[in-house]
Amino acid sequence: MTTETRRPRVIYANPSRAARPLPEASGRERFWWYFMRLSGLALVILALGHMFIMHVLVELTGGEINFAFVQSRWGTPFWRIYDLLLLLLAFVHGANGARIVIGDYVSNRTARSFFIGVLLVISGIWLVLGMAVIAFFDPNSAPPTGPFS
């Protein structure tokens, strides 16, 4: 009776790093692996809540989404924190996903580093701008009204 050594069956045929199981090594990549799964779950909850509030409840109550609506909503810390969490999680989740895609498809190390650097700079600028809007929005201000204001 001969014994053959068989190669283990490949369960994950997708070459993408995002589809691979939990990384064996601890450190940064393991952190990002967990972050992508947990932030994705949190984003589903936050985004569905946002969609329900903004597009179902407002429509049912006959309201309108305008400056006055945002002004009253962002007058409380809860909604600012809610929107800040939604912004932070969505942006970092998306930027990390783009980083993984760049890592999967750009084989030249120098080009990959360049593209990831550009991604980080652009993401950082947009993230700071979004956070500034949420942080520095003054609910007591109102835009001028009228055609010639």
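I will try to describe carefully the structure that is included in this document. Quick caveat, the model's predicted, so the values are computed rather than measured.

### Some words on the nonpolar core
Here comes step 1: Of all hydrophobic cores here, the largest spans 7 residues; its members are Phe 35, Met 36, Leu 43, Leu 46, Tyr 82, Leu 86 and Leu 89.
Here comes step 2: For this core, the leading source of residues is helix H1 (residues 28–60), giving 4 residues.
Here comes step 3: If near-sequence neighbours (up to four positions away) are discounted, Leu 46 is found in contact with Tyr 82, Leu 85, Leu 86 and Leu 89.

### A short note on helix H3 (residues 77–105)
Here comes step 1: Here H3 is 29 residues long and its end C-alpha atoms lie 42 Å apart, about the 42 Å a rise of 1.5 Å per residue gives.
Here comes step 2: Residues of H3 that are buried: Arg 80, Tyr 82, Asp 83, Leu 86, Leu 89, Ala 95, Asn 96, Arg 99, Ile 100 and Ile 102.
Here comes step 3: Buried residues belonging to H3 abut H1, helix H2 (67–73) and helix H4 (109–136).

### Some details on the packing of aromatic side chains
Here comes step 1: With the rule as written, the count across this model stands at 9 aromatic pairs.
Here comes step 2: Aromatic side chains Phe 31 and Trp 32 sit 5.1 Å apart centroid to centroid with 70° between the ring planes, which places their arrangement in the edge-to-face category.
Here comes step 3: With relative accessibility at 23%, the residue Trp 32 sits in the partly exposed group.
Here comes step 4: Members of the aromatic cluster, each reached through a chain of ring pairs, are Phe 31, Trp 32 and Phe 35.

### Focus on the pattern of salt bridges
Side-chain pairs of opposite charge can arise whenever the charged atoms involved come near each other.
Here comes step 1: With the rule as written, the count across this model stands at 2 salt bridges.
Here comes step 2: Residue Arg 99 pairs with Glu 29 through a salt bridge whose shortest N-O separation is 3.2 Å. Remark: Glu 29 occurs in helix H1 and Arg 99 occurs in helix H3; sequence separation between them is 70 residues.
Here comes step 3: By relative accessible area, which is 17% here, Arg 99 ends up buried.

### A closer look at the side chain of Asp 83
Here comes step 1: With respect to the secondary-structure elements, Asp 83 resides in helix H3.
Here comes step 2: The residues contacting Asp 83, other than those within four sequence positions of it, are His 50, Arg 73, Trp 74 and Ile 134.

### Concerning the environment of His 55
Here comes step 1: Looking at the element boundaries, His 55 is found in helix H1.
Here comes step 2: His 55 gets classed as partly exposed once you look at its relative accessible area, which sits at 44%.
Here comes step 3: When the C-alpha atoms of His 55 and Ile 65 are compared, they prove to be 9.1 Å apart, with 10 residues separating the residues in sequence.

### Notes on the packing of H1 against H3
Here comes step 1: Contact geometry for H1 and H3: axes closest at 9 Å, N-to-C directions at 135°. As summarised for this structure, H1 and H3 are arranged oblique, according to the angle between their axes. The interaxial crossing formed by H1 with H3 has left-handed handedness.
Here comes step 2: Tallied by class, the residues present in the contact of H1 with H3 amount to 16 nonpolar, 7 polar and 3 charged.

Definitions and cut-offs
- Residues numbered from 1 in each chain as written.
- Predicted model: local features only at pLDDT ≥ 70, side-chain atom pairs only at ≥ 80, totals over all residues.
- Heavy atoms only, no water.
- Core = buried A, V, L, I, M, F, W, Y, C linked by side-chain atoms within 4.5 Å.
- Buried < 20%, exposed > 50% of the residue type's maximum accessible area, 1.4 Å probe, protein only.
- Helix = DSSP H or I, 4+ residues; strand = E, 2+ residues; numbered from the N terminus.
- Contact = heavy atoms within 4.5 Å.
- Expected span 1.5 Å × (residues − 1).
- Phe/Tyr/Trp six-rings, centres within 6.5 Å; stacked < 30°, edge-to-face > 60°.
- Salt bridge = Lys/Arg side-chain N within 4 Å of Asp/Glu carboxyl O.
- Axes fitted to C-alpha atoms, helices over the stretch in contact; angles between N-to-C directions.
- Parallel < 35°, antiparallel > 145°, perpendicular 65-115°, else oblique.
- Left-handed = near helix turned anticlockwise from the far one by under 90°.
- Nonpolar A, V, L, I, M, F, W, Y, C, P; charged D, E, K, R; others polar.

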